[in-house]
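Observations on the model geometry
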Number of protein chains: 2
Amino acid sequence: MIDMTLLGTGATVPLPGRALSAALLSCQGRSILFDCGEGTQTALRREHLSPLKIDFIALSHYHGDHLFGLPGLLQTMGCLGRESPLTLCGPKGLRQVLSLIAALSGPLPFELRLLSLPPEGFPLHQAASGWPERALLLPIPTEHRVNSQGYCFRLGRAGKFDPEKARALGLPQSLWRPLQQGQSVRVRGREVRPEQVLGPPRRGLSLVFSGDTAPCSALEKAARGADLLVHEATYGGPEQAELAAEYGHSTFAQAAELAARAGVKRLWLTHFSQTLPEPEALLPLAQEHFPETVCGHDGLTIRLNFEESREKS
Amino acid sequence: MIDMTLLGTGATVPLPGRALSAALLSCQGRSILFDCGEGTQTALRREHLSPLKIDFIALSHYHGDHLFGLPGLLQTMGCLGRESPLTLCGPKGLRQVLSLIAALSGPLPFELRLLSLPPEGFPLHQAASGWPERALLLPIPTEHRVNSQGYCFRLGRAGKFDPEKARALGLPQSLWRPLQQGQSVRVRGREVRPEQVLGPPRRGLSLVFSGDTAPCSALEKAARGADLLVHEATYGGPEQAELAAEYGHSTFAQAAELAARAGVKRLWLTHFSQTLPEPEALLPLAQEHFPETVCGHDGLTIRLNFEESREKS
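Residues numbered from 1 in each chain as written. Chains lettered and ligands numbered in written order. Predicted model: local features only at pLDDT ≥ 70, side-chain atom pairs only at ≥ 80, totals over all residues. Heavy atoms only, no water.

1. Describing the relation of the copies chain A and chain B
Inclusion rule: The atoms used to superpose the copies are C-alpha atoms, taken from residues with pLDDT of at least 70 in both, and the fit is least squares.
It takes a turn of 179° to lay chain A on chain B, together with a shift of 0.1 Å along the axis; the resulting RMSD is 0.2 Å. Within this description, the copies of the chain are treated as partners about a two-fold rotation axis.

As structure tokens, then:
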């Protein structure tokens, strides 16, 4: 099960009711924060989401509208008594940016760990306990005017458990759960591996967060079949396509065309320019290409289950 | 005429509806921003106040809740096309803090000028044109747990203009206004100085902004007879007095007692701890000592005239 909440859906300049870029993904009580624009900590509080459950911050790039909420969020985590390490990842340049942020924030009662994600993905349980073993975060090289990366979160799903096989192996019911969760167990001196009682792996969940980017083939590939693609749509109609290209952004139609090509289940648009006071009104520009498009807004939340997904707001 | 607006009234951690410390003073179309906590630029926009009219930022100290809105505000000023210099002042340590902020903000299309205010006050028209000649900003050494200063803004008022004297000197009406504004004029080869047509200087306006401080005698002295004292009241009742002393803050009663001793016209309380979800309910703790106390909230505004003052919200 994954919960995803847009915390801020504005680009460049925050507006009342539209904070700057940030989104929170939660899974089994742990969270990843994607980007951290000014206003992120206020948005977390408004949505009743705890900053202390965030053990991973994934930055798409280092423009201010994705970053300037970080000094305050770090200080607040410190005020709340955080002691557990916080892992941060981002494209090239992270160490330099973080040294400025850390100097501004001053001494913190917890460790900042900087990570460069391997292309094949990073198992999140290696950063903090509590993450499912099958939760993976992958970087996606994107096409902005500075070093940038999007992210793909994948939550794998084990094969179906076969109680008949378990009984045949003489496994007591108390050992079923670890096996279902992918752990080997020992019974009467013998090791039993999960694959002995599970069917073939089933389709899991995947979610892609674009960060800032022009239409990008690597992102399209990573988003193939995703349950949710959160894609920037800084600019609106085709009359802004030139602007979008100049600044390394996408229009509503470009984001929707990419979603259609990737065959995602649903698309959320976000990161709206202040020149778009009512992005909702432009939704048809996207739905023409991909009907399952939703116009993002601060606080938009979805819960994705293995079996079904249900929008909460 | 002075307009004063509280942009953020929270301490340490922002809450929905209560941004971090910032206040805007406007006079004759120019503005001073006092402190710049996270959320300041959003609050300016909500109050329909232009960041481009700010040519002076006066920081009380460098804790994050007074500072972390600055990188974003500077970038936004740049986006809005600002070219005119921006002057910043603060207690000792400004250069070091600003170097971090400037490195985060990246190149800006305008100059940042750092200023150490002289104790006798700085005439604001020296920083930017448009300020009245008689507008002065004075630093007040305050008592926090780091280097800190409050501010006193004084707007002087010329003596009463005497049209009889002006006519006797043969001055055409077109020259009356410059004289009323304190400028000398020439008429038929002779210089006429303002004091030849003006009575003795009259009482002007003064406004004091405390920043973070324990009850402070220098602040009390500077606030003597002020039209408005904006004083921090981080903590509420007497049961929090020990906390207030430990962290260099004031309680509701302490702020009100100081206002009473200073004989100010009115007191606004601000900078409320997150432990005070409803500061309004604590107002009697202050009004007991100083009836003209108002509990600050984001967006509270007043217009102070030479003749009268009127609260707008």
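2. Focus on empty space enclosed by the protein
If a probe as big as a water molecule is rolled over the atoms, it shows which places are left empty. The following threshold applies: Only protein atoms enter the 1 Å grid, on which a cavity is a set of points fitting a 1.4 Å probe that cannot get out and a pocket is an open set with protein on both sides within 12 Å along at least 5 of 7 lines, lining residues being those with an atom within 4 Å of a point. Grid points are joined across faces, edges and corners, and a volume is the space filled by probe spheres set on the points. Under the DSSP-based scheme used, a helix requires at least four consecutive residues in state H or I and a strand at least two consecutive residues in state E, with every element numbered from the N terminus. Here the term charged refers only to Asp, Glu, Lys and Arg, the term nonpolar to Ala, Val, Leu, Ile, Met, Phe, Trp, Tyr, Cys and Pro, and the term polar to all other amino acids, Gly among them.
Evaluation of the coordinates by the stated rule reveals 5 cavities of 30 Å³ or more. A volume near 50 Å³ is recorded for the largest cavity. Every residue lining the largest cavity is listed: Gln41, Gly72, Gln75 and Thr76 of chain A together with Thr12, Leu20, Glu38, Gly64, Asp65 and Phe68 of chain B. By residue number, the principal contributor to the lining of the largest cavity is helix α2 (residues 70–79) of chain A, which donates 3 residues. Looking at the lining of the largest cavity residue by residue, the classes come out as 2 nonpolar, 6 polar and 2 charged.

3. As for the sheet that holds strand β9 (residues 149–157) of chain B
Residues and elements named next belong to chain B. Inclusion rule: Following DSSP output, two strands are said to pair if at least two bridges run between them.
Pairing in this open sheet of 7 strands is mixed, and the strands run β7-β8-β9-β12-β13-β14-β15 from one edge to the other. Only two strands of the sheet have a single neighbouring strand rather than two, namely β7 (122–123) and β15 (293–295). Pairing analysis gives 3 bridges linking strand β14 (residues 267–270) to β15, with the strands arranged parallel. When the bridges of β15 are listed, Leu269 appears paired with Cys295.

4. Regarding the interface of chain A and chain B
Interfaces are often sized by the accessible area lost when the parts come together. What counts here: Any two residues whose heavy atoms approach within 4.5 Å at even a single point are treated as in contact. By buried area we mean the combined loss of accessible area, with a 1.4 Å probe, across both parts when two parts are placed together. Note on definitions: salt bridges are taken to be side-chain nitrogens of Lys or Arg within 4 Å of carboxyl oxygens of Asp or Glu.
Contacts between chain A and chain B engage 27 residues on the former and 27 residues on the latter. At the boundary of chain A with chain B, total buried surface from both sides reaches about 2300 Å², with 68% on carbon and sulfur atoms. Looking only at chain A, the three residues that lose the most surface to chain B are Glu38, Phe68 and Leu104 of chain A, adding up to 29% of its buried area. On the surface where chain A and chain B come into contact, there are 0 salt bridges.

5. As for the sheet that holds strand β12 (residues 202–209) of chain A
Residues and elements named next belong to chain A. Strand order in the open sheet formed by 7 strands is β7-β8-β9-β12-β13-β14-β15, and the pairing between neighbours is mixed. One side of each edge strand has no neighbouring strand; the edge strands of this open sheet are β7 (122–123) and β15 (293–295). Both β12 and strand β13 (residues 228–232) contribute to a ladder of 3 bridges, which runs parallel. Residue pairing for β13: Leu207 is matched across the bridge by Leu228.

6. Regarding the pairing of strand β13 (residues 228–232) of chain B
Residue and element names in this part refer to chain B. Our working rule: Exposure classes here rest on a 1.4 Å probe applied to the protein chains alone. A residue is buried below 20% of its type maximum, exposed above 50%, and partly exposed in between.
Taken across its 5 residues, β13 has 5 buried, putting it largely inside the fold. Of the two faces of β13, the one carrying Leu228, Val230 and Glu232 and the one carrying Leu229 and His231 are both buried. Judged from the 4 bridges that link them, β13 and β14 form a sheet pairing that is parallel. Bridging across to β14, Leu229 finds its partner in Leu267.

7. A short note on the environment of Glu220 of chain B
Mapped onto the elements, Glu220 of chain B comes out in helix α6 (residues 217–222). If we skip the residues at most four places from it in the chain, Glu220 of chain B touches Leu258, Arg261 and Ala262 of chain B.

8. Here's the deal with the domain arrangement of chain A
All names here are of chain A. Keep this limit in mind: Segment limits for the domains were obtained from an automatic or database-derived domain assignment. In protein, a polar contact requires one atom able to donate a hydrogen and another able to accept it; more generally it is a pair of N or O atoms within 3.5 Å, and residues adjacent in sequence count only if both atoms are side-chain atoms.
For chain A, the domain assignment lists domain 1 (2–158 + 201–307) and domain 2 (161–200). Its C-alpha centre places domain 1 at a distance of 37 Å from the equivalent point of domain 2. The interface of domain 1 with domain 2 comprises 4 residues on the first partner and 6 residues on the second. Both sides together, the interface formed by domain 1 and domain 2 hides about 380 Å², and carbon and sulfur atoms give 47% of it. On inspection of domain 1 and its partner domain 2, the count reaches 1 residue pair in polar contact (both at pLDDT 80 or more). Partitioning the side of domain 1 that touches domain 2 into residue classes produces 2 nonpolar, no polar and 2 charged.

9. Notes on the packing of aromatic side chains
All names here are of chain A. Spelled out, the test is: Here is the rule: rings of Phe, Tyr and Trp (six-membered ring for Trp) pair when centre to centre is within 6.5 Å. Planes less than 30 degrees apart are stacked, more than 60 are edge-to-face, and the remainder are tilted. Only when the NZ atom of a Lys or the CZ atom of an Arg is both within 6 Å of the ring centre and within 35 degrees of the ring normal do we say a charge sits over the ring.
Here the structure, examined in full by the defined rule, presents 12 aromatic pairs over all chains. Relative to Phe209, the ring of Phe34 has its centre 5.0 Å away and its plane inclined at 15°; by these criteria the two rings are stacked. Residue Phe34 is found in strand β3 (residues 30–34), and its partner Phe209 is found in strand β12; the two are separated by 175 residues along the sequence. With a relative accessible area of 3%, Phe209 lands in the buried category. Grouped by ring-pair contacts, the aromatic residues Phe34, Tyr151 and Phe209 constitute a single cluster. Note that Arg82 overlies the ring of Phe110, its terminal NZ or CZ placed 5.4 Å from the centroid.

10. A look at the packing of helix α3 (residues 94–105) of chain A against helix α3 (residues 94–105) of chain B
Defined as follows: Axes here mean lines fitted to C-alpha atoms, for a helix over just the part in contact, with angles spanning 0 to 180 degrees between N-to-C directions. Here a crossing is called left-handed whenever its near helix is offset anticlockwise from the far helix by less than a right angle, and right-handed whenever the offset is clockwise.
Look at α3 of chain A against α3 of chain B: their axes get within 10 Å of each other, and the N-to-C directions meet at 145°. Viewed along their axes, α3 of chain A and α3 of chain B form a crossing whose handedness is left-handed. Of the residues in α3 of chain B, those in contact with Leu100, Ile101, Ala103 and Leu104 of chain A of α3 of chain A are Leu100, Ile101, Ala103 and Leu104 of chain B.

11. Some details on α2 of chain A
Residue and element names in this part refer to chain A. Most of α2 is tucked away, with 8 of its 10 residues classed as buried. Listing the buried residues of α2 in full gives Leu70, Pro71, Gly72, Leu73, Leu74, Thr76, Met77 and Gly78. Looking at the buried side of α2, the elements it contacts are β3, α1 (40–46), β4 (54–58), β5 (86–89), α3 and β6 (112–115). Trailing α2 by a residue or two, Gly81 shows a phi angle of about 90°, which is positive.

12. Overview of the packing of helix α2 (residues 70–79) of chain B against α3 of chain B
Think of two packed helices as two axes; the pair is described by the angle between the axes and how far apart they sit. All names here are of chain B. Test applied: Oblique is the label for any angle not under 35 degrees, not over 145, and not in the 65 to 115 range, which are roughly parallel, roughly antiparallel and roughly perpendicular in turn.
As a packed pair, α2 and α3 sit with axes 9 Å apart at the nearest point and diverge in direction by 50°. Put simply, α2 runs oblique to α3. Every pair of crossing elements has a handedness; the one defined by α2 and α3 is right-handed. Here α2 contributes Leu70, Pro71, Leu74 and Gln75 to the contact with α3, which in turn contributes Ile101, Leu104 and Ser105. Split by residue class, the contact of α2 with α3 holds 5 nonpolar, 2 polar and no charged.

13. Regarding the pattern of salt bridges
All names here are of chain A. One pass over the structure, following the stated rule, counts 18 salt bridges over all chains. Here Glu47 ties to Arg46 by a salt bridge, and the two come within 4.0 Å at their closest N and O atoms. Of the charged contacts in the structure, one is a salt bridge between Glu111 and Arg113, with a shortest N-O distance of 3.3 Å. A relative accessible area of 42% places Glu111 in the partly exposed class. Because the salt bridges share partners, they merge into one network encompassing Arg203, Asp227 and Lys265.

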